[in-house]
Amino acid sequence: MPHLQPALPAPAHPDVDSMLARKFGREVANYFSGSPLNRLGFLRSEHLFLSQALNHPTTSFLLCNELQPLVQSKEAKRIQWVKFDDIKDVIGEDPFAKDEETVLKEFDSGKSSAQLVFLGVEENAKGGLEYQGKNLYKGAPFFAVDVTPRGDGKVKDACTALIKKLEEQGTGFGKGRIMELEAGDAAIYAEARQMLDWNARNPFCAQCGQPTLSVNGGFKRACPPQDVATPASGARKPCATRKGVSNLSFPRTDPTVIMAIVNHAGTHLLLGRSKRFPPAWYSTLAGFAEPAESIEEAVRREVYEEAGVLVGRVVIHSTQPWPYPANLMIGAIGQSVPDGETIDLGNDPELEDARWCSFDEVREALKIGVSGLGDPAPPEYKGGFRLPPETAIANQLMTSVVNGFVGVEAKM
């Protein structure tokens, strides 16, 4: 049976009237967006705030093993949150007890620790933390912890013991790409997964090759000037990242364009089929934006490279965080030029097939042929195209186009 798809998140302030809403239509919020948390990024450098947030009664922890989240059941509809006492043996009493300057001075690359990331606070939670900074900030804190058993020593043993205990209690870690979580949980998981993955991929300095240290609640990595594990004085060799504006390594997000291309007559939509797709499965075209390239240029280049079609006007429709591993899907709708609509797959062999599909064909497929990439076709499917589910931005782009986006009174 196909998996039931979760509802999409609501856009921000959907009931507020505005000139932009009247002109461009209702905002589209895609799956993995719409987080219920305020990230409070400006407080990540305040270790007193993080220390208080860590052990507050309302604090929740999202655990990931090999980047897979702890979920309540095999259906993976909801995250299984844990509390500080559950995770204390893994992260220690208070990893935020000291300020960043002190932590850098006491850095010891010979000691391992579980990666911890501050995700934000849920401001509507009752009894949440109250922290007085420039303003008074309130909310229930959320953290992510990587409990993947790695290396050796106490941290690995603590992670192994915790995983065993959780599995004995009937919970477990999700499998494959997690696309069944309810919208709010999915958005929190997307942030957690991307940040844990980035930290795991960057244990060494790109400039000098020495071990780095996670700081600022997991959102930066620094190259410390000294290391207790280094013989003699502990001083490390010079590194350019410790001077000027490049003194830290920040998380990366890779912009990816995904586009619904309409023919010049406004009657057909360009769809492509990758070699890895199941039979009859098609989607919109997509590709990475390159350095020194606008989004509009990236759309035109990718469509030409993959399908040989020339694109004129391009507009941005909506975006989708995609934490596999660190993409921001930038959804666009473009229109081909009259003399550039002949499909040619000879430039780039990425696609197995590309074709112009009538709006009626796409509407029908959106009704009866939608499923996840690895799921079976829905029961009502009798043939024709199969398309991505509503949780994919490709579905939202196609739906928007066939429902009148390119008409005179176009609305998102």
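Residues numbered from 1 in each chain as written. Predicted model: local features only at pLDDT ≥ 70, side-chain atom pairs only at ≥ 80, totals over all residues. Heavy atoms only, no water.

## Focus: the pairing of strand β2 (residues 68–71)
Stated precisely, the cut-off is as follows: What makes two strands pair is DSSP finding at least two bridges between them. Helix numbering and strand numbering both begin at the N terminus, where a helix is a DSSP run of H or I of at least 4 residues and a strand a DSSP run of E of at least 2.
Pairing of strand β1 (residues 60–65) with β2 involves two bridges; the strand directions are antiparallel. Pairing of C64 across the sheet is with P69, part of β2. Between β1 and β2, which follow one another and run antiparallel, lie two residues, and E66 among them has a positive phi close to 55 degrees. Inspection of the sheet shows β2 paired to strand β6 (residues 172–173) by two bridges, in the antiparallel sense. Along β6, the bridge assignment pairs L70 with F173.

## So, the side chain of T391
Stated precisely, the cut-off is as follows: Only protein chains enter the accessibility calculation, which uses a 1.4 Å probe. A residue is then buried if its area is under 20% of the maximum for its type, exposed if over 50%, and partly exposed in between. Side-chain atoms alone can form a polar contact between residues adjacent in sequence; in general such a contact is a pair of N or O atoms within 3.5 Å, and within protein one must be able to donate a hydrogen while the other accepts it. Here a residue-residue contact requires only that any non-hydrogen atoms of the pair lie within 4.5 Å.
One can find T391 in the loop between α8 (359–368) and α9 (393–405). Residue T391 is classed as buried on the basis of its relative accessible area, which comes to 1%. Within polar-contact distance, the side chain of T391 engages the side chain of Q5 at 3.2 Å. Sequence-distant contacts of T391, defined by excluding residues within four places in its chain, comprise Q5, P6, L8, Y31, M179 and Q320.

## Quick look at the sheet that holds strand β9 (residues 248–249)
The strand order across the open sheet formed by three strands is β7-β8-β9, and the pairing between neighbours is antiparallel. Each edge of the open sheet carries a strand with a single partner, namely β7 (213–215) and β9. Here strand β8 (residues 220–222) runs beside β9; their pairing, made up of two bridges, is antiparallel. Counterpart to R221 in the pairing with β9 is S249.

## Focus: the packing of aromatic side chains
To keep things clear, this is the line we draw: Centre distance within 6.5 Å is the pairing criterion for rings of Phe, Tyr and Trp, where only the six-membered ring of Trp is used; planes under 30 degrees apart are then read as stacked, over 60 as edge-to-face, and the remainder as tilted.
Per the stated rule, a full pass over the model turns up 13 aromatic pairs. Between Y31 and F32 the ring centres are 4.7 Å apart and the planes differ by 50 degrees, which places this aromatic pair in the tilted class. F32 matches Y31 in its accessibility class, with the two residues each being buried. Their ring planes at 65 degrees and their centres at 5.1 Å tell us that F49 and Y131 sit as a pair that is edge-to-face. Of this pair, F49 sits in helix α2 (residues 47–54) while Y131 sits in strand β4 (residues 129–132), placing them 82 residues apart in sequence.

## Some thoughts on the environment of V90
Mapping V90 onto the fold places it in helix α3 (residues 84–91). Overall, the relative accessible area of 6% leaves V90 in the buried class. The spatial distance from the C-alpha of V90 to the C-alpha of D146 is 9.4 Å, given a sequence separation of 56 residues. Discounting chain neighbours no more than four positions away, the residues touching V90 are A114, V145, V155, A158, C159 and L162.

## Focus on unusual backbone geometry
Phi is mostly negative for residues that are not glycine, and the peptide bonds are mostly trans. Cis geometry is adopted by the peptide bond preceding P325, which originates at Y324 and carries an omega value of 0 degrees. By secondary structure assignment, the location of P325 is in the loop between β13 (311–322) and β14 (327–336). One non-glycine residue with positive phi stands out, namely L40, at about 45 degrees. In this fold, L40 is placed in the loop between α1 (19–24) and α2. In the Ramachandran plot, N216 falls in the positive-phi region, its phi being about 50 degrees despite a non-glycine side chain. Relative to the helices and strands, N216 resides in the loop between β7 and β8.

## Looking at the pattern of salt bridges
Basically, it comes down to this: Put simply, a salt bridge is a Lys or Arg side-chain nitrogen that is within 4 Å of an Asp or Glu carboxyl oxygen.
Counted by the stated rule, this structure contains 16 salt bridges. The residue R39 makes a salt bridge to E191 at a minimum N-O spacing of 3.7 Å. Residue R39 is found in the loop between α1 and α2, and its partner E191 is found in helix α6 (residues 183–201); the two are separated by 152 residues along the sequence. What makes E191 buried here is its relative accessible area of 5%. E290 is the salt-bridge partner of R301, the closest N and O atoms lying 3.7 Å from each other. Separated by 11 residues along the polypeptide, R301 in helix α7 (residues 295–307) and E290 in the loop between β12 (285–288) and α7 bring together distant segments of the chain. Exposure remark for R301: the relative accessible area of 15% places this residue in the buried category. Connected via shared salt-bridge partners are E290, E293, R301, E302 and E305.

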